[in-house]
Amino acid sequence: MSSSIFLVVVFFLLAVSKVEPTMKRSEFPPKVLELADALHSTCLPRSGTDEESINKVIDGEFTDEPKIKAYMQCLMDESELVDENGELIMDLIIPLTPPKIFDEALKNTKFCDGERKEVKERTDKAFVFFKCIYGKNPDTFIFF
């Protein structure tokens, strides 16, 4: 598994786990920030969304809008955390989950993955997943 995939999985685990209150950007290691910036730089133009829409999601405002859903899907695709059908690849997440947060991270991920199972469109699956993660604990929701 490449180091960039590892960093994305670690970043993803922070988003789905109750570890500590929301982390400030300055608290992330430089490599994670570089990867987050690269994903953002790739997905922003690809999706056609804008910073305002992304900031609304960060603040918990989930508007059912095609461009933000495309952005969410792009983040998941580019991080390689989903397969070609848009299904989460748990095998990438489980082995990298630190023991201290394993139970909570696995519980949140499985719950929110279950919430998106009946959804047909990939962008809708991503939207439902991120919205669910926010709903489980907005204090640990990380979106960039």
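In this report, we go over the structure that sits alongside the text.

About the criteria used
- Residues numbered from 1 in each chain as written.
- Predicted model: local features only at pLDDT ≥ 70, side-chain atom pairs only at ≥ 80, totals over all residues.
- Heavy atoms only, no water.
- Helix = DSSP H or I, 4+ residues; strand = E, 2+ residues; numbered from the N terminus.
- Buried < 20%, exposed > 50% of the residue type's maximum accessible area, 1.4 Å probe, protein only.
- Contact = heavy atoms within 4.5 Å.
- Disulfide = S-S within 2.5 Å.
- Salt bridge = Lys/Arg side-chain N within 4 Å of Asp/Glu carboxyl O.

Counting its regular elements, the protein chain contains 7 helices and 0 strands. Going through the 144 residues of the protein chain one by one, you find that 44% of them count as buried. Long-range pairs, those at least 24 residues apart, make up 67% of the contacts in the protein chain with a sequence separation of at least 6.

Once that is clear, we can look at the state of the cysteines. Scanning all chains against the criterion turns up 2 disulfides. The disulfide partner of cysteine 43 is cysteine 74, and the S-S distance across this bridge is 2.1 Å. Between cysteine 43 and cysteine 74, the disulfide has an S-S torsion of -80 degrees and is therefore left-handed. In this pair, cysteine 43 sits in helix H2 (residues 30-47) while cysteine 74 sits in helix H4 (residues 66-78), placing the two residues 31 residues apart along the sequence. Each member of the pair, cysteine 43 as well as cysteine 74, is classed as buried.

The next point concerns the pattern of salt bridges. For the structure on display, the rule yields 7 salt bridges. Residue glutamate 52 is joined to lysine 56 by a salt bridge in which the shortest nitrogen-to-oxygen separation is 3.8 Å. Residue glutamate 52 and its partner lysine 56 are both found in helix H3 (residues 51-58); the two are separated by 4 residues, about one turn of the helix. For glutamate 52, a relative accessible area of 52% puts it in the exposed group. Across the pair lysine 69 and aspartate 124 runs a salt bridge, and its minimum N-O distance is 2.4 Å. Placement of the pair is lysine 69 in helix H4 and aspartate 124 in helix H7 (residues 122-136), with a sequence separation of 55 residues. Among the residues examined, lysine 69 registers a relative accessible area of 9% and is labelled buried. With relative accessibility at 23%, the residue aspartate 124 sits in the partly exposed group. When salt bridges with common partners are traced through the structure, they connect Asp64, Lys69 and Asp124 into a single cluster.

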